[in-house]
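Listed below are the residues making up each chain.
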Amino acid sequence: MDHDEPASPNAAIQRLAARIDRPIVLVGMMGVGKTTVGRRLAAMLNVPFCDADEEIERAAQMSIPEIFAQFGEPYFRSGERRVIARLVGEDGAHERRVLATGGGAFVDPETRALILSRAIAVWLDSDVDTLVARVGRKGNRPMLRNGNPREILTRLKAERGPAYAEAPIHVKSGNQPHQATAMTILKAIDAWL
């Protein structure tokens, strides 16, 4: 008697990967895990991973805190928009990749419109307690330098929520392993496609 073997998770992921025809862009608050989960997601899909903040620093030959300090947030957002436009294929070449964006990128209307038109936007979301625990590990967050991180994160989450909500896919990221969050994203993309 022959038994059909259930499809392996890897085979299912590869079938999904073949259906994805544009970049996957992770948006959400700082500390939500976009870079870590994004790396895991890219590896699972066997596509390149890119971190917009790293690309901005490379292009500017400065750190993000240095850009904020020297030129201010509007200048940073303009450069961020140009880098993201390049990474999501402003020339019409929609390279398959996973892109992690900075927390404020999707809030900018022009950047948001660009991502929504050229990529699959996934809002990675966490509660404020998780965000505070995660961002406390790094000292490179310019938006948190002048005040209580919990109060700033609470305010930013409320202000940015309506913009993030425009992403067609919304996934919660909590204390589960990054692999589990990446799998949840894959299931959500599969259902959305």
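Our subject is the structure listed above.
Quick notes on the rules
Here the residue numbers are simple positions, counted from 1 along each chain's written sequence. For a predicted model such as this one, the threshold for reporting local features is a pLDDT of at least 70, and the threshold for listing and counting side-chain atom pairs is 80 or more; totals across whole chains, interfaces and linings nevertheless cover every residue. Think of the side-chain values as coming from all heavy atoms in the structure, minus any hydrogens and water. Note on conventions: DSSP H or I runs of at least 4 residues are helices, E runs of at least 2 residues are strands, and numbering of each starts at the N terminus. Partly exposed describes any residue whose relative accessible area lies between the buried limit of under 20% and the exposed limit of over 50%, with all areas from a 1.4 Å probe on protein chains only and scaled to the type maximum. It only takes one pair of heavy atoms within 4.5 Å for two residues to be counted as in contact. Accessible surface area values rest on a Shrake-Rupley calculation with a 1.4 Å probe, where residue burial reflects the displayed protein chains alone. The criterion for strand pairing is that DSSP finds at least two bridges linking the strands in question. Two aromatic rings, drawn from Phe, Tyr or Trp (for Trp, its six-membered ring), form a pair once their centres lie within 6.5 Å of each other, and the interplanar angle then sorts them: stacked below 30 degrees, edge-to-face above 60, tilted otherwise. Throughout this description, the term salt bridge denotes a Lys or Arg side-chain nitrogen within 4 Å of a carboxyl oxygen of Asp or Glu. Note on method: axes are straight lines fitted to C-alpha atoms, helices fitted across the in-contact stretch only, with angles between N-to-C directions ranging 0 to 180 degrees. For classification purposes, angles smaller than 35 degrees are called roughly parallel, those larger than 145 roughly antiparallel, those between 65 and 115 roughly perpendicular, and all remaining angles oblique. With the far helix as reference, a near helix turned anticlockwise by less than a right angle produces a left-handed crossing, and one turned clockwise produces a right-handed crossing. Under the convention adopted here, Pro, Cys and the residues Ala, Val, Leu, Ile, Met, Phe, Trp and Tyr are nonpolar, Asp, Glu, Lys and Arg are charged, and Gly plus all remaining residues are polar. What the arc measures is the spread of directions leading from the helix axis to the C-beta atoms. Two N or O atoms count as a polar contact when they lie within 3.5 Å, although within protein this holds only if one can serve as hydrogen donor and the other as acceptor, and sequence-adjacent residues are included solely when both atoms are side-chain atoms.

Engineer: Please set out the overall build of the protein residue by residue, giving values where relevant.
Structural biologist: Helix and strand counts for the protein come out as 9 helices and 5 strands. Listing every helix and strand of the protein by position from the N terminus yields α-β-α-β-α-α-α-β-α-β-α-α-β-α. Relative to its full complement of 193 residues, the protein shows a buried share of 48%. Across the protein, every contact between residues at least 6 apart in sequence was considered, and the portion connecting residues at least 24 apart equals 76%. For the protein, the exposed surface amounts to about 9900 Å²; the carbon and sulfur share of it is 50%.

Engineer: An account of the side chain of Ser173 is needed here, citing residue identities and associated values.
Structural biologist: Relative to the assigned elements, Ser173 resides in the loop between β5 (169–172) and α9 (178–192). In this view, Ser173 contacts Val32, Leu124, Asp125, Ser126, Arg134 and Thr181; residues no more than four positions away in its chain are not counted.

Engineer: So what's going on with the pairing of β5? Residues and values would help.
Structural biologist: Going residue by residue along β5, you find Ile169 and Val171 tucked away on one face and His170 and Lys172 left uncovered on the opposite face. Sheet topology note: the strand β4 (residues 120–125)/β5 ladder contains 4 bridges and is parallel. When the sheet's bridge partners are listed, Asp125 is paired in β5 with Lys172.

Engineer: For unusual backbone geometry, give the residues involved together with the corresponding values.
Structural biologist: Positive phi is not limited to glycine here, since Asn46 has a value of about 60°. As for its position among the elements, Asn46 is in the loop between α2 (34–45) and β2 (49–51).

Engineer: Got a sec to walk through the packing of aromatic side chains? Specific residues and values, please.
Structural biologist: Using the criterion set out here, one finds 3 aromatic pairs in the structure. Relative to Phe76, the ring of Phe68 lies with its centre 4.9 Å away and its plane at 40°, an arrangement referred to as tilted. Measuring from ring centre to ring centre gives 4.4 Å for Phe71 and Tyr75, while their planes differ by 25°; the resulting arrangement is stacked. The exposure class assigned to Phe71 is partly exposed, which follows from its relative accessible area of 39%.

Engineer: How would you sum up the pattern of salt bridges? Please name residues and give values.
Structural biologist: Enumeration according to the criterion identifies 14 salt bridges in this entry. The residue Arg22 makes a salt bridge to Asp21 at a minimum N-O spacing of 3.3 Å. Salt bridges here are not isolated pairs; linked through shared partners, they connect Glu55, Arg58 and Arg86.

Engineer: Requested: an account of the packing of helix α3 (residues 52–60) against helix α5 (residues 73–87), with residues and values cited.
Structural biologist: In contact at an axis separation of 10 Å, α3 and α5 are set at 110° when each is read in the N-to-C sense. In terms of their interaxial angle, α3 and α5 are classed as roughly perpendicular. Read as a crossing pair, α3 and α5 show a hand that is right-handed. Every residue of α5 that contacts α3 at Ala52, Asp53, Glu55, Ile56 and Ala59 is listed here: Phe76, Glu80, Val83, Ile84, Arg86 and Leu87. In terms of residue class, the contact of α3 with α5 is built from 7 nonpolar, no polar and 4 charged.

Engineer: Residues and numbers for the environment of Leu186, please.
Structural biologist: Here Leu186 shows up in helix α9. With 174 residues separating them in the primary sequence, Leu186 and Ala12 have C-alpha atoms 10.0 Å apart. In contact with Leu186, not counting residues within four places along its chain, are Ile13, Leu16, Leu41, Met44 and Leu45.

Engineer: Could you give me a rundown of helix α7 (residues 128–135), with the residues and numbers involved?
Structural biologist: Within α7, the full set of buried residues consists of Val128, Thr130, Leu131, Arg134 and Val135. Down the axis of α7, the smallest arc covering the buried residues is 160°, so these residues share one side. Residues of α7 that are buried sit in contact with α8 (149–164). Among the residues of α7, the N-terminal cap falls to Asp127, whose side-chain oxygen and the backbone nitrogen of Asp129 are separated by 3.1 Å.

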